[in-house]
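So the chains spell out like this:
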Amino acid sequence: MRDRFEQALSPEVYQAAWRYALRLSTRREDAEDLLQESLAKAYSRFSQLRDASRFKGWLFSIVRSTHLDRLRRERARPPETAELPQLAAHETDPLTRDIAEALALLPQPQHELLSLFYIDGLNLNETGQVLGIRSRAVRQRLYRARQALRKQLDSIPAVECATVPGGGNYHENL
Amino acid sequence: MRIYDELKERIYAERIVDLSKLTPDERAIVEVNPALMQAMRENQAMQSMQPDAPAPAREAMLRAAYRAADDVEEPRMTLTSIFAAKRWYVQTAIAVVLLAVVVGFWLIPQETGWAQVDGYMLQLDFGSIADCEGDIMAQPPMSELHGVLKQFKADNFTDGDDAKVMLNAMVKDGNLTVTISLVSNDENSEELLSKLQEALSTVPGLPTPSVVPSTWFGDKDMTGFGCSLDLDFNGHRFNFPDSATEEEIEAAILSWLESEHPGAEAEVDATIEQVGEEKKVMIRVMVKPPEGSEDKD
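Rules used in this analysis
- Residues numbered from 1 in each chain as written.
- Chains lettered and ligands numbered in written order.
- Predicted model: local features only at pLDDT ≥ 70, side-chain atom pairs only at ≥ 80, totals over all residues.
- Heavy atoms only, no water.
- Helix = DSSP H or I, 4+ residues; strand = E, 2+ residues; numbered from the N terminus.
- Buried < 20%, exposed > 50% of the residue type's maximum accessible area, 1.4 Å probe, protein only.
- Contact = heavy atoms within 4.5 Å.
- Areas by Shrake-Rupley, 256 points an atom, 1.4 Å probe, with all protein chains shown as cover.
- Salt bridge = Lys/Arg side-chain N within 4 Å of Asp/Glu carboxyl O.
- Core = buried A, V, L, I, M, F, W, Y, C linked by side-chain atoms within 4.5 Å.
- Axes fitted to C-alpha atoms, helices over the stretch in contact; angles between N-to-C directions.
- Parallel < 35°, antiparallel > 145°, perpendicular 65-115°, else oblique.
- Nonpolar A, V, L, I, M, F, W, Y, C, P; charged D, E, K, R; others polar.
- pLDDT = per-residue confidence, 0-100.
- Expected span 1.5 Å × (residues − 1).
- Phe/Tyr/Trp six-rings, centres within 6.5 Å; stacked < 30°, edge-to-face > 60°.

Caption draft 1: Examining the overall build of chain B more closely. Of regular secondary structure, chain B possesses nine helices and eight strands. When the 297 residues of chain B are sorted by exposure, 39% land in the buried category. A separation of at least 24 residues holds for 54% of the contacts in chain B among residues at least 6 apart in sequence. As displayed, chain B offers around 17,100 Å² of accessible surface, 52% of which is attributable to carbon and sulfur atoms.

Okay, here's the thing in C-alpha cells:
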C-alpha cells in the first residue's frame, strides 16, 4: 500500500500540502507537525479512498480537519509565541499587500474559499471536496467572494454622522 | 452587461492572468475595461501569495508519518468488522439493531439547534440629517420616540415576558433610518402591533412606519439575538445574530420554510460578505410548492 500511497502523494502534491499546512500554521514547526499528522491519517485511511484522482482534495481536507482539531485542542492554551505572518515575504508588492489585508477582513468562509482556490491552487472540484460543496457552488461562491474582495479593496470608510453614539449606529433593547 | 459578467466570472474561475488566454473578442472587451484588467492582476497577485519556505524532506516526512500511523491505529467500524467472527444469531441481532438505528435517524426530524421568535419590524425613514448637531438620540423626535417606547413596554409587557421592543437607529450617507422591532410569539402580537402604531402616532414629526412581519433566530435561550443581520424574503424579514454563519442561516431558513410551507421543496444558499464595517448577507431561496410546478425565487 505504501507504493500506491507514495505514487498518489507525488512531489507536487506533497509541496502543495506543505504550503497549505504552512499557510494554516503560525510557526514552521507547527506546519511540520500538522503535515506529519495529516499524512499519517491519510496513510491509515488510504484504503478508503476509492478514486485516486481525488487524492489531492482528499489530502487537503484531512490537513484542514487536522488543523481544526488542533485549534480546538489548543484553544484553552495561550499562544506560545507571536504569530509569524507567512505572507510577509510577498508583501512588498502593494497590490499583494492590499489583497492580504482585504482577505483578512472577509468572512472566514470566503477567506478560506479564495485562499484554497487562488493561493493553494486547488481546482474547482478539489476546493469543493475540501469544503464539502459541489464544484458548481464553488464557482458561484467564488464569484461572490471575489466581488466581496473587490469591495474590500475599494472600501472607503463611510461618512457617518458622528452625533449618533456608536459611530453611526444606535441600538437599544428597551 | 451579461457578456461582461460572464467574462468576469471566467477570469475568476479560470484564474486567467493574461490576455493570451482569451479569444480576440474577449480580449477586445477586457482591454478597454479597467475592472477586468484589474481582476487578472488580482488573480496573479493571489497566486504569488503562496508561502515559500522550503518543505521538509519528503522521505523523512513519510517515514515519520508511517511510524505515527502504525503507533496510532485509528478505530474503524466497518460492517465487515462489526459482523466478523460472530455467530449467525448475534449477526441477526446486530442487523436488527442497525436497521432500527437507520430508521430512527430517518424518522427523527432534523433540527437546526436554533430557537426562533416572531414579530414585526417597523421601519421609519427620516431622510437626510446632514445638519444635525449634538446627540441625535437626545433630540426630538428621537427623544420622544424613546420615551413613548419605554412607556409602551411598561404598559404592555410584564417582567419575565419574552416579548421585547428594540430600537435601532442607523445613519448612513447622512440619512437616518430607525427600526423598531416588536418581538413576540404571543397570540396577541397583532393587537400589540396596533397598540404600538397607535403610540407612535402620538409622536409629532415621526414618519409613517412601514411594517414587515419578521422572524428572529438565535440560540436556544434567545440571548444575544437582535437585528444585526437582517434580510427580506418575499416581504418577510429574518433577523440573525451577528455571529451567524452561512450554514446556520441556511439551516434556519430551511427550518422556517418547512414549518411555513410543509411539503415544499426548498433550497437555500447563503453568502455573508464583510464590506468595510458592514456585513452583507445574500440569500438565494428556491421554493417549489408541493402541488404546483412553478418555482419561486
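Caption draft 2: Representation of the overall build of chain A in the model. Assigned secondary structure in chain A consists of eight helices and one strand. The linear arrangement of helices and strands in chain A, starting from the amino end, is α-α-α-α-α-α-α-α-β. The buried share among the 174 residues of chain A stands at 48%. Long-range contacts, defined as pairs at least 24 residues apart, comprise 65% of the intrachain contacts of chain A with a sequence gap of at least 6. Of the roughly 8,900 Å² that chain A leaves accessible, carbon and sulfur atoms contribute 49%.

Caption draft 3: Structural view of the pattern of salt bridges. Residues and elements named next belong to chain A. What the rule picks out here adds up to 17 salt bridges over all chains. For Asp69, the salt bridge is made with Lys41, and the minimal N-O distance between the two is 3.9 Å. Residue Asp69 is located in helix 4 (residues 55-74), and its partner Lys41 is located in helix 3 (residues 28-45); the two are separated by 28 residues in the primary sequence. Asp69 gets classed as partly exposed once you look at its relative accessible area, which sits at 29%. Taking relative accessible area as the criterion, Lys41 reaches 15% and is therefore assigned buried.

Caption draft 4: Representation of the nonpolar core in the model. A:Phe5, A:Leu9, A:Leu35, A:Leu39, A:Phe55, A:Leu59 and A:Phe60 are the most contacted members of the largest nonpolar core, which has 35 residues in total. Contributions of two or more residues to this core are made by helix 1 (2-8), helix 2 (11-24), helix 3 and helix 4 of chain A together with helix 4 (58-71) of chain B. No other element matches the nine residues that helix 2 of chain A contributes to this core. Other than its neighbours up to four places away in sequence, A:Leu35 contacts A:Tyr14, A:Ala17, A:Trp18, A:Ala21 and B:Met61.

Caption draft 5: Focus on the packing of helix 1 (residues 2-13) of chain B against helix 3 (residues 34-47) of chain B. Residues and elements named next belong to chain B. Axis separation between helix 1 and helix 3 bottoms out at 9 Å; the angle between their running directions is 10°. When the axes of helix 1 and helix 3 are compared, the pair comes out roughly parallel. Residues Tyr4, Leu7, Lys8, Ile11 and Tyr12 of helix 1 lie in contact with helix 3, whose contacting residues are Ala35, Leu36, Ala39, Met40 and Asn43.

Caption draft 6: Looking closely at unusual backbone geometry. The phi angle at B:Arg15 is positive, at roughly 55°, despite the residue not being glycine. Along the chain, B:Arg15 falls in the loop between helix 1 and helix 2 (24-31).

Caption draft 7: Geometry of the environment of B:Ser184. Mapped onto the elements of the fold, B:Ser184 is located in the loop between strand 3 (175-183) and helix 8 (189-200). The spatial distance from the C-alpha of B:Ser184 to the C-alpha of B:Gly119 is 5.2 Å, given a sequence separation of 65 residues.

Caption draft 8: Focus on the packing of helix 2 of chain B against helix 3 of chain B. Residues and elements named next belong to chain B. Close contact between helix 2 and helix 3 brings their axes to 6 Å; oriented N to C, the two are set at 100°. Here helix 2 is positioned roughly perpendicular relative to helix 3, judged by the angle of their axes. Two secondary-structure elements touch here, helix 2 through Ile29, Val30 and Glu31 and helix 3 through Leu36, Met37 and Met40. Residue composition of the contact of helix 2 with helix 3, grouped by class: five nonpolar, no polar and one charged.

Caption draft 9: Local environment of the confidence of the model for chain B. Residues and elements named next belong to chain B. For chain B, the average pLDDT comes to 75, and 66% of its residues sit at 70 or higher. By mean pLDDT, the top-scoring element of chain B is helix 3 (91), and the lowest-scoring one is helix 5 (residues 79-83) (55). Counting interchain partners and residues more than four positions distant, the pLDDT-below-50 stretch residues 292-297 has 13 contacts. Interface confidence for the predicted complex, given as ipTM, is 0.78, next to a pTM of 0.49.

Caption draft 10: Summary view of helix 5 (residues 94-105) of chain A. Counted at 1.5 Å a residue, the expected span for helix 5 of chain A with its twelve residues is 16 Å, and the 17 Å between its end C-alpha atoms agrees. Of all the residues in helix 5 of chain A, the buried ones are A:Leu95, A:Thr96, A:Ile99, A:Ala100, A:Ala102 and A:Leu103.

Caption draft 11: The packing of aromatic side chains, seen in detail. All names here are of chain A. A full pass over the atoms with the stated rule returns eleven aromatic pairs over all chains. Taken together, a centroid distance of 5.4 Å and an interplanar angle of 70° make the contact between Phe5 and Tyr43 edge-to-face. Placement of Phe5 in helix 1 and of Tyr43 in helix 3 is noted, with a sequence separation of 38 residues between them. The two residues Phe5 and Tyr43 agree in class, both being buried.

Caption draft 12: Here's a closer look at the confidence of the model for chain A. The share of residues in chain A with pLDDT of 70 or more is 79%, and the mean pLDDT across the chain is 80. A low-confidence stretch, residues 78-90 of chain A (pLDDT under 50), is modelled with 20 contacts involving residues beyond four sequence positions or located in other chains.

Caption draft 13: Helix 3 of chain A, seen in detail. Between its first and last C-alpha atoms helix 3 of chain A spans 26 Å; for 18 residues at 1.5 Å apiece the expected length is 26 Å, and the two agree. Turning to helix 3 of chain A, its buried residues number three or more, namely A:Ala31, A:Leu34, A:Leu35, A:Ser38, A:Leu39, A:Ala40, A:Lys41, A:Ala42, A:Tyr43 and A:Ser44.

Caption draft 14: Focus on the side chain of A:Glu112. Within the secondary structure, A:Glu112 sits in helix 6 (residues 108-119). Ignoring sequence-local partners within four residues, the contact set of A:Glu112 consists of A:Tyr20, A:Arg64 and A:Leu131.

Caption draft 15: Here's a closer look at the environment of B:Lys195. All names here are of chain B. Assignment of secondary structure puts Lys195 in helix 8. Note on Lys195: relative accessible area 36%, which makes it partly exposed. The spacing of Lys195 and Phe152 is 43 residues in sequence and 8.1 Å in space, taken between C-alpha atoms.

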